[in-house]
Structure formats: C-alpha cells, structure tokens
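So you can see what is in the structure, the chains are spelled out below.
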Amino acid sequence: MMANTSPTISDIETLQEVLQSATKEKINVKTVATITKNFNGQDLTDFKALLEAGAVGFSDDGIPLESSKVVKEAMEESKKLNTFISLHEEDPGLNGILGFNENIAKEHFHICGATGVAEYAMIARDVMIAYATKAHVHIQHLSKEESVKVVEFAQGLGAQVTAEVAPQHFSKTEALLLTQGSNAKMNPPLRLESDRRAVIEGLKSGVITVIATDHAPHHADEKNVEDITKAPSGMTGLETSLSLGLTYLVEAGELSLMELLEKMTLNPAKLYNFEAGYLAENGPADITIFDANADRLVDSHFTSKAANSPFIGETLKGQVKYTICKGQIVYQN
Ligand SMILES: [Zn+2]
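The residue numbering used here restarts from 1 in each chain and proceeds along that chain's sequence as written. Totals for whole chains, interfaces and linings use all residues, but because this is a predicted model, local features are given only for residues with pLDDT of at least 70 and pairs of side-chain atoms are given and counted only at 80 or more. Side-chain figures throughout are based on the complete set of non-hydrogen atoms in the structure, without hydrogens or water.

*Asks:* Summarise the overall build of the chain; cite the residues concerned and give the values.
*Replies:* Helix and strand counts for the chain come out as 12 helices and 8 strands. When we talk radius of gyration, it's over C-alpha atoms, and the globule rule is simply 2.2 Å times the number of residues to the 0.38. Here the C-alpha atoms of the chain give a radius of gyration of 19 Å, agreeing with the 20 Å that 2.2 N^0.38 yields for 333 residues. Dimensions of the chain along its principal axes, counting C-alpha atoms only, are 55 × 50 × 40 Å. The burial tally for the chain puts 48% of its 333 residues in the buried class. The contact criterion used is simple: two residues touch if any of their non-hydrogen atoms lie within 4.5 Å. Taking the intrachain contacts of the chain between residues at least 6 apart in sequence as the baseline, contacts between residues at least 24 apart amount to 69%. Numbering of helices and strands starts at the N terminus; helices are DSSP runs of H or I of at least 4 residues and strands are runs of E of at least 2. Exposure is judged per residue with a 1.4 Å probe applied to protein chains only, and the accessible area is read against the type maximum: over 50% gives exposed, under 20% gives buried, and values in between give partly exposed.

This is the structure:
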C-alpha cells in the first residue's frame, strides 16, 4: 500500500490503525509510510520508529518531492536504516495539467499537459543524489523513453537504483484517452508508442525489474465529471495487471511467462525483503492459479469496489481461477 490515505500514514498511531484494520482482511496488506509529514515536502517522518512499527518502506507517492535537500536527507536517513525510498517523479515546476500527455493534450484537448521533461529531469536529479549518497532509490511507475535511459545510465555508474513500470504504460498509449475518457487519465499519463516500446525494452534488458499496478480506485461519480481536466487521475489496476502482462508482454513475444512472473512476484518480494514470491515445500502458501491461454472479456464487475478501468470491454488473455493466501482460498472463479 501507498501511504496516501486520509490522514496520510505519517505517524505511528495512523500506521498502527491501518495495520490493525488490515488484519481483518484475508490477504496480506503491507504498507509504506510517508517520507515527509502529511506530504508537506519539508519535514521527514521518523523513519526508524515507523520501520519498527511495521512500515515496509517510504514514499510520498502522488506528491513529488520538490526539494532536492529533502531528497538528500531522506536518502541519507534511509541508507542509515538499511532501507530505501520510492519516488513518484513528476516535477510540478516543469508540468502542465496532470494526466494528459503533452502531445494529445495540445492537439486534442488544447491544454498544456503532463510533460516528459517533468518526469525524466526529476529522475535524473534523484538518481544522481542516490549515486552521491550511495543510497538505494526506487523509481516508481516510469513512463518515458528518456526515463529508462536515465535509470540505465545511473545503474551503469554503480548507483543503487531500481525501477518499476505499471501495466498500463507497457500496454497503451495516450490515444486511449479519446475512447475511454477519464478512466484513461492517470499520473504519469499514458504516453507515446515510442515510450511504450522503451519501457518494454527496459523490462527485457533488466533495467526495470518490477511490474507494479499503481492501483488507484476512484468512485464513478468522481470520474464522471463534465470537465475531464477536473476528474481525479488513476485507474483500478490490480485485477487487470496479470492479464495485461499476459497479453502485451507474453503473447506479444516480449517476455517469457516466467520472466513476467518474476517481475510481478519474486523481484518485488526481494526488493521489500518479503518472505514471498516463490513456490517451495513449507514455503508461503500465497498462490495465484490461472489459465494463461483463456480469453477474458474485461467487464465492470471487479472484486474491488471501484471499476474505473479503461480496459472494460477489451478481451485480454488469462483467467484467474484461484487466489490463495496463507493457505486459504480467498477468490475462486
Ligand atoms: Zn504515483
């Protein structure tokens, strides 16, 4: 989980409340805490105390850290504690209206949209601060061709940089906004075909080791506003993530099935030091059983309360048959 709840997970009390209510669920819920207090971008939270209370990492996801001084301090602190920070990279000072890639924003919506430079310039700054501090930084949901190159460059220098991509960014381009409207609005936005190709190449080369959903449920009423620029950004992503990987990576011949699964299970588990993501006798019984070859028409019936998916109506590969958590069947189809 990201920490952008209300209130944000910035102190021990809130963290404990979230973890306590998570114990009522049949699935494992783990959460990061915020890097700065209530996303204020200035004052670091108490990393040590939050880790001890069960936080698994730190992120101000959704609110990029504008202050390079704060980024440096957060990296120094996380390094001291043998953990890492994760960053949503879109510099507000270089950006227009979020959720619309700059090209389609200009040509179709006649607005100044979300620029590529806002993303890759901020990534460039932060990977170089990681290089200098020797801290580990994780770049969340990158979406631009240049971003992949910047991460590759920093990794080549020996910086401790890991990166992830969300399924929507290797599956679709900005054109989806024209047919799916606000359900295709997200931060960072869907980009160009050249960017989609570049993140796939990043997955193949190993520059990007993790596929993460950036799951962002929103109520239909929030999305169905007359002025699309006022609709919140984000899409419900958990329940289409496997099918998008099977369709746009495996069936498309980009990754093998095992390579896809490694990036969705083993690698993220390793990143966070979770006892998960592998199958072994007496190992963790957290298992998804699926038919990789079955066709699936995505409809609006999600197990999640939200259905803000731009993939409704599309036929994808893969049917989940069982989801098993801690040895118990929690979903059956
Ligand atoms: Zn984000």
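*Asks:* Describe the nonpolar core, naming the residues involved and giving the relevant values.
*Replies:* Definition used in this section: a nonpolar core is a set of buried Ala, Val, Leu, Ile, Met, Phe, Trp, Tyr and Cys residues joined via side-chain atoms within 4.5 Å. Counting residues in hydrophobic clusters, the biggest one holds 63 residues, and the most contacted among them are Ile-85, Ile-139, Leu-142, Phe-170 and Ile-208. Here this core takes 5 residues from helix 11 (residues 238-251), the largest share from any one element. Residues in contact with Ile-85, not counting those within four places in the same chain, are Ile-35, Phe-47, Phe-58, Val-71, Ala-74, Met-75, Ser-78, His-136, Val-137 and His-138.

*Asks:* Describe the side chain of Ser-243, with residues and values.
*Replies:* With respect to the helices and strands, the residue Ser-243 is situated in helix 11. Here a polar contact is recorded for every N or O atom pair within 3.5 Å, except that within protein the pair must consist of a potential hydrogen donor and a potential acceptor, and residues adjacent in sequence are included only if both atoms are side-chain atoms. Of note is the side chain of Ser-243, whose polar atom sits 3.0 Å from the backbone oxygen of Lys-317. Of the polar contacts made by the side chain of Ser-243, one reaches the backbone oxygen of Gly-318; its length is 3.3 Å. When neighbours within four sequence positions are excluded, Ser-243 is seen to be in contact with Arg-296, Leu-316, Lys-317 and Gly-318.

*Asks:* Give a detailed account of the packing of aromatic side chains, specifying residues and quantitative values.
*Replies:* Classification of ring pairs uses Phe, Tyr and Trp, with its six-membered ring standing for Trp, and accepts pairs whose centres are within 6.5 Å; under 30 degrees between planes counts as stacked, over 60 as edge-to-face, and the remaining range as tilted. One pass over the structure, following the stated rule, counts 4 aromatic pairs. Ring geometry for Phe-47 against Phe-58: centres 4.0 Å apart, planes inclined by 10 degrees, an arrangement best described as stacked. With Phe-47 in helix 2 (residues 47-52) and Phe-58 in strand 1 (residues 58-59), this residue pair connects regions lying 11 residues apart in the sequence. Two conditions define a charge located above a ring, namely a distance within 6 Å from the ring centre to NZ of Lys or CZ of Arg, and an angle within 35 degrees of the ring normal. We note Lys-30 situated over the ring of Phe-274; from NZ or CZ to the ring centre the distance is 4.8 Å.

*Asks:* Talk me through the coordination of the zinc ion; I want residue IDs and the actual numbers.
*Replies:* Protein-derived ligands of the zinc ion are Asp-61 (OD), His-88 (ND1) and His-141 (NE2), with the metal-ligand distances lying across 2.0 to 2.1 Å. Written as a sequence motif, the donor residues of the zinc ion are D-x26-H-x52-H. Note that His-88 is positioned in the loop between strand 2 (85-87) and helix 4 (102-109) and His-141 in the loop between strand 3 (136-139) and helix 6 (145-157), a separation of 53 residues in sequence. His-141 carries the same exposure label as His-88, and that label is buried. With water excluded from the atoms, a metal site may look incomplete; its donors are any N, O or S atoms within 2.8 Å, or within 3.2 Å for Na, K and Ca.

*Asks:* Hey, could you go over the layout of surface pockets for me, with residue numbers and the actual values?
*Replies:* Space inside the second largest pocket adds up to approximately 190 Å³. Both cavities and pockets are sets of points on a 1 Å grid over the protein atoms alone; in a cavity a 1.4 Å probe fits but cannot get out, in a pocket the set is open with protein on both sides within 12 Å along at least five of seven lines, and lining residues sit with an atom within 4 Å of a point. Lining the second largest pocket, in full, are Leu-51, Ala-55, Val-56, Asn-82, Thr-83, Phe-84, His-136, Lys-270, Leu-271, Tyr-272 and Asn-273. In this classification, Asp, Glu, Lys and Arg are treated as charged, Ala, Val, Leu, Ile, Met, Phe, Trp, Tyr, Cys and Pro as nonpolar, and every other residue, Gly included, as polar. Here the residues of the lining of the second largest pocket sort into 6 nonpolar, 4 polar and 1 charged. Grid points are joined across faces, edges and corners, and a volume is the space filled by probe spheres set on the points.

*Asks:* Go over the side chain of Asn-308 with me, naming the residues and quoting the values.
*Replies:* Within the secondary structure, Asn-308 is located in the loop between strand 6 (287-297) and strand 7 (315-325). In this structure the side chain of Asn-308 is engaged in a polar contact, spanning 3.0 Å, whose partner is the backbone oxygen of Ala-216. Among the polar contacts listed, one links the side chain of Asn-308 to the backbone oxygen of Gly-234, at a separation of 3.1 Å. Beyond its immediate sequence surroundings of up to four residues, Asn-308 is in contact with Asn-183, Ala-216, Pro-217, His-218, Lys-223, Gly-234, Met-235 and Thr-236.

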